[in-house]
Amino acid sequence: MRLLKRPEATEPAVSASERRLFGGPLRYDAGWSNHEYAQLEGRLLTTLRSMPRMVGGTLRLAWATDRPALLTVAAAEAGQGVTSAVGLLVISDVLRTLLREGSAADRLHAALPALAAGALVAVLGAVLASRSTAAAGRLEPKVERAAYEQYLSAAVEVELEAIEDGEFRRLLDSAQWGPPSARRTVGACVATLGGVISLIATAGVLTVLHPLLLPMLLLIAAPRGWGAMRVAQRRYLSMITWVEHVRAARLIGQLLISRTSAPEVRVHGVGRYLLGHYRNMAEVAESEATRLAKDKAATELLAATLSGLAALVTYGAMGALIVSGRMDLAVAGTAVIAVRTGSASLGALVATTNTLHEESLYVRDLERFVAEAARRAIPSGGAPLPERLAAVRLRNVDFSYPDRDEPALSGVSLTIEAGQVVALVGENGSGKSTLVKLLAGLHLPDSGSVTWDGVDVRDADREQVFDRVALLTQDFERWPVTARTNIAIGRPGKEDPERAVDQASEVVAAARYAGADRIVEKLPHGYETLLARVFRGASELSGGQWQKFGLARTRFRDARVLVVDEPTSALDPEAEIAAFDSIRGLAGPERAVVLVTHRMSGVRFADVIYVLHEGRLVERGGHDELMALGGRYASMYAMQAAQFGDEPRRRSPSLPRQSAAPRNDGSVT
Ligand SMILES: Nc1ncnc2c1ncn2[C@@H]1O[C@H](COP(=O)(O)OP(=O)(O)OP(=O)(O)O)[C@@H](O)[C@H]1O
């Protein structure tokens, strides 16, 4: 039986709103859309055959997290199957005793031991069910937690390049549904196991009672099973096809309530406009829900009719067998009960099998992600780096992003020495941030080398490379934690409870250094103020105030190479001057500062200035040297100075087409 025919009607109608807002149906570039194909090709046998492989991963996880709970569930479910089989045999025995000849009192008396045994078996069944529920309840959250930990730890260990790769991100996206699905898979496994065992038990008893009873049970249960499977499959297909539409409607809802859109929503009247589109899209989605409900009702009615007809045939056949003396009345009575319970459990089994299949699709995504993440993980171990830094060298470095034809860096060679303040300048997209990521070991060069005191980053223990870098990037993280932790998170390892006092004073010193102490003074709970407006009692900072916290964090990290990328973009003029002073002060005999900025005033003091243009290094030298050269740097500087009219224009502010000639190795003469 084919599980699913793809009815044309499930294709979402593109609403006028979707067309207007998104130019057509909104399709998330998400990995889970792959399931559509898995489902479309699904057939009952294929589903059943793939089941052990698909639930294997979850069961292995359950085995690893709580072996006793898993064994308890399995034993309790098997025990319940046995009790239900014994229960049926007891019923048969009781009926046989009650239907034989003799006075009612005698027959009842004779049936008492079997009745008592039946009661005992029922109690045992209930105890086993409660044991199974308790153990499964203990197991499920543990499996979800273990799966989520597996997901998160795999994600944090991969190379940055993987995180920026669209394919990998799709996998990352689809795998996030894996942990809750693993939890539900445990529940569905338990239900399926219980269903299978009780079905085997019922089938066994029926076969013992009369060989014709088992085929009869299947005849009655099959239509209901088919109906349950069909409804579940159609619901799933509809969910897959319509989820994009539902998400699009939800996206509009989020835009209406988000903080950043709030001013335009009000002033530009975007609120009423989007609300109308939301209603329009919701109505289209409701029509799909109505279609599904009608389809479900029709399927269930058809299944019930077929099942009723099968029951009629079965009971008719049983009647004929009884009349012809080929079936005992007591056996027939037991058979009626067994057929009813058996058909109900077969229907439930089909439904749980379907759930199991659905959930395990998501768990399989998680498994694929974990395997791929392991393949793309940052290698652990490697050559150690010397404790004191002498220099970091880039030699003939080429680097391209996977989805770009043009290289982001091409033949770049430069040296950063301890004690230096090195500035990287260049127009937008010239490769400054990319260079910084290579320097920090976040990306590896396609060719050429990056060496830390002679050790190639490819061979180095990357943890040691990271340990020696402090990063203050343009989009540095504004952690939703307290002011203190926002600074201390710069070096989480310093959070040793035994040196809590030291740490507190270091946080204060770092804040003072960056000028963040004056901000803290005005916060309602000082350093213990939570910085995230979304939480109750928290405070929010302005962009410039956050930059001061970023600088304080960098200072607190106290690394060998401090990289500061556009650290003053949101600062007022006074704060900017102070920030550049602080940055200059960060350099020390064993520490280098790499400054990336478009503020030419902040670059003047650098020991060496490197100018990048379209991924190539085109100029290098001190401020005076580069001004005298009259190349790209001099033009950029003159352009900014000219805006204030306080510096004589040395030349036209337009950038030169050809600046100082780069040497073959990418460095500049
Ligand atoms: N993650 C990425 N994936 C693909 N291309 C990227 C990525 N990051 C940067 N690029 C591209 O690489 C080139 C260099 O970018 P980079 O961010 O290094 O420039 P930048 O000099 O720091 O620019 P800006 O001054 O605007 O910060 C640009 O063409 C940019 O579009």
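About the thresholds
Residues numbered from 1 in each chain as written. Predicted model: local features only at pLDDT ≥ 70, side-chain atom pairs only at ≥ 80, totals over all residues. Pairing = 2+ DSSP bridges. Helix = DSSP H or I, 4+ residues; strand = E, 2+ residues; numbered from the N terminus. Contact = placed C-beta atoms within 7 Å. Axes fitted to C-alpha atoms, helices over the stretch in contact; angles between N-to-C directions. Domains from an automatic or database assignment. Nonpolar A, V, L, I, M, F, W, Y, C, P; charged D, E, K, R; others polar. Expected span 1.5 Å × (residues − 1). Buried ≥ 20, exposed ≤ 12 C-beta atoms within 10 Å, placed from the backbone. Near = placed C-beta within 6 Å. UniProt positions renumbered as here; feature names shortened; annotations may be inferred. Parallel < 35°, antiparallel > 145°, perpendicular 65-115°, else oblique. Left-handed = near helix turned anticlockwise from the far one by under 90°. Core = buried A, V, L, I, M, F, W, Y, C linked by C-beta atoms within 7 Å. pLDDT = per-residue confidence, 0-100.

Brief notes about the sheet that holds strand β5 (residues 455-456)
Turning to step 1, where the next piece is worked out: Spatially, the 4 strands line up as an open sheet ordered β2-β1-β4-β5, and their pairing is antiparallel. Two strands in the sheet have a free side with no partner beyond their single neighbour: β2 (409-417) and β5.
Turning to step 2, where the next piece is worked out: Pairing of strand β1 (residues 391-399) with β2, which is carried by 6 bridges, proceeds in the antiparallel orientation. Along β2, the bridge assignment pairs R393 with T415.
Turning to step 3, where the next piece is worked out: Most of the contacts of helix α13 (residues 432-439) go to β1, to which it runs at about 125 degrees, and overall it touches β1, β2 and β4 (447-452).

Remarks on the domain arrangement of the protein
Turning to step 1, where the next piece is worked out: As far as domains go, the protein holds domain 1 (19-375), domain 2 (380-468 + 559-574 + 588-669) and domain 3 (479-557).
Turning to step 2, where the next piece is worked out: Each of domain 1 and domain 2 has a C-alpha centre, and the two are 58 Å apart.
Turning to step 3, where the next piece is worked out: At the interface, 5 residues of domain 1 touch 6 residues of domain 2.
Turning to step 4, where the next piece is worked out: Taken together, the residues that form the side of domain 1 that touches domain 2 break down as 1 nonpolar, 1 polar and 3 charged.

Brief notes about helix α8 (residues 178-209)
Turning to step 1, where the next piece is worked out: Its 32 residues place the ends of α8 45 Å apart at the C-alpha level, agreeing with the 46 Å of an ideal helix rising 1.5 Å per residue.
Turning to step 2, where the next piece is worked out: Burial runs high along α8: 23 of the 32 residues are buried.

Here's the deal with the site of the ligand
Turning to step 1, where the next piece is worked out: What surrounds the ligand is a group of 13 residues, the closest being Y401, N428, K432, S433 and T434.
Turning to step 2, where the next piece is worked out: It is α13 that provides the largest number of residues to the shell around the ligand, a total of 3 residues.
Turning to step 3, where the next piece is worked out: Per-class residue counts for the shell around the ligand are 2 nonpolar, 7 polar and 4 charged.

A short note on the UniProt feature "transmembrane region" (unreviewed entry) in the protein
Turning to step 1, where the next piece is worked out: UniProt's entry tags residues 69-91, 111-129, 186-206, 212-229 and 301-323 with the feature "transmembrane region" (unreviewed entry), counted in the numbering of this structure.
Turning to step 2, where the next piece is worked out: Along residues 69-91 one finds 100% helix and 0% strand; the C-alpha atoms at either end are 32 Å apart.

Details of the sheet that holds strand β3 (residues 421-426)
Turning to step 1, where the next piece is worked out: Judged by pairing direction, the sheet is mixed, and its 6 strands sit side by side in the order β6-β7-β8-β3-β9-β10 without closing on themselves. A single partner strand is all that each edge strand has here, and the edge strands are β6 (469-472) and β10 (616-621). When strand polarity is set aside, the average angle formed by the axes of neighbouring strands in this sheet is 15 degrees.
Turning to step 2, where the next piece is worked out: With 5 bridges connecting them, strand β9 (residues 608-613) and β10 associate as antiparallel partners. From the neighbouring strand, H613 faces β10, where its bridge partner is R616.
Turning to step 3, where the next piece is worked out: Relative to β6, helix α18 (residues 543-557) is tilted by about 180 degrees, and along the sheet it contacts β6 and β7 (561-565).
Turning to step 4, where the next piece is worked out: Those strands touched by helix α19 (residues 573-586) are β3, β7 and β8 (592-596), and its axis lies near 145 degrees from that of β8.

As for the packing of helix α4 (residues 67-99) against α8
Turning to step 1, where the next piece is worked out: Between α4 and α8, whose axes approach to 9 Å, the crossing angle comes to 25 degrees. For the element pair α4 / α8, the angle class is roughly parallel. In the crossing of α4 with α8, the sense of the turn from one axis to the other is right-handed. Listed contacts from α8 to V73, A74, E77, A78, Q80, G81, V82, S84, A85, L88, L89 and S92 of α4 are V190, L193, G194, I197, S198, I200, A201, T202, G204, V205 and L209.

Focus on the nonpolar core
Turning to step 1, where the next piece is worked out: Judged by nonpolar contacts, the single largest core of 77 residues is most densely connected at V422, V561, V563, V593, V594 and L595.
Turning to step 2, where the next piece is worked out: Viewed by domain, this core spans two of them, domain 2 (380-468 + 559-574 + 588-669) and domain 3 (479-557), each represented by three or more residues.
Turning to step 3, where the next piece is worked out: Beyond its immediate stretch of four places on either side in the chain, V594 contacts I416, V422, L424, V436, L439, V561 and V563.
Turning to step 4, where the next piece is worked out: Counting 66 residues, the second-largest nonpolar core is a separate cluster that includes L70, V158, A162 and L366.

What about unusual backbone geometry?
Turning to step 1, where the next piece is worked out: One non-glycine residue, N396, lies in positive phi territory at about 50 degrees.
Turning to step 2, where the next piece is worked out: Locating N396 in the fold gives a position in strand β1.
Turning to step 3, where the next piece is worked out: For N396, a count of 16 C-beta atoms within 10 Å translates into the label partly exposed.

Comments concerning the environment of S400
Turning to step 1, where the next piece is worked out: With respect to the secondary-structure elements, S400 resides in the loop between β1 and β2.
Turning to step 2, where the next piece is worked out: Each C-alpha atom, one on S400 and one on D446, is 7.2 Å from the other, the two residues being 46 residues apart in sequence.

Side note on the environment of S198
Turning to step 1, where the next piece is worked out: Secondary-structure assignment places S198 in helix α8.
Turning to step 2, where the next piece is worked out: Residue classification places S198 among the buried residues on the basis of 25 C-beta atoms within 10 Å.
Turning to step 3, where the next piece is worked out: The residues touching S198, leaving out its near neighbours within four places in the chain, are Q80, G81, S84 and S345.

Side note on the pairing of β1
Turning to step 1, where the next piece is worked out: Here 5 bridges tie β1 to β4, and the two strands are oriented antiparallel to one another. Opposite L394, over in β4, you have V450 as the bridge partner.

Let's talk about the packing of α4 against helix α12 (residues 329-375)
Turning to step 1, where the next piece is worked out: Contact pair α4 / α12: the axes reach a minimum separation of 8 Å and the direction vectors enclose 145 degrees. Crossing hand, α4 versus α12: right-handed. The segment α4 lies against α12, with L88, I91, S92, L95, R96 and L99 engaging L329, A330, V331, G333, T334, I337 and A338.

Structural notes on α13
Because an α-helix packs 3.6 residues into every turn, residues spaced three or four apart end up facing the same way.
Turning to step 1, where the next piece is worked out: By the criterion of burial, α13 is predominantly enclosed, with 7 of the 8 residues buried.
Turning to step 2, where the next piece is worked out: Taken as a whole, α13 has its buried residues at K432, T434, L435, V436, K437, L438 and L439.
Turning to step 3, where the next piece is worked out: Taken from the residues just after α13, G441 is the one with a positive phi, measuring 80 degrees.

Quick notes on the confidence of the model for the protein
When pLDDT drops low, the exact placement of atoms in the prediction is not to be read closely.
Turning to step 1, where the next piece is worked out: Per-residue confidence for the protein averages 83 on the pLDDT scale, and 88% of its residues sit at or above 70.
Turning to step 2, where the next piece is worked out: Throughout residues 1-9 the model reports pLDDT below 50, and contacts reaching past four residues in sequence, or to other chains, amount to 17 contacts.
Turning to step 3, where the next piece is worked out: Below pLDDT 50 for its whole length, residues 647-669 participates in 55 contacts with residues either more than four positions away or in separate chains.
Turning to step 4, where the next piece is worked out: Model confidence for the complex is summarised by a pTM of 0.75, with the ipTM given as 0.97.

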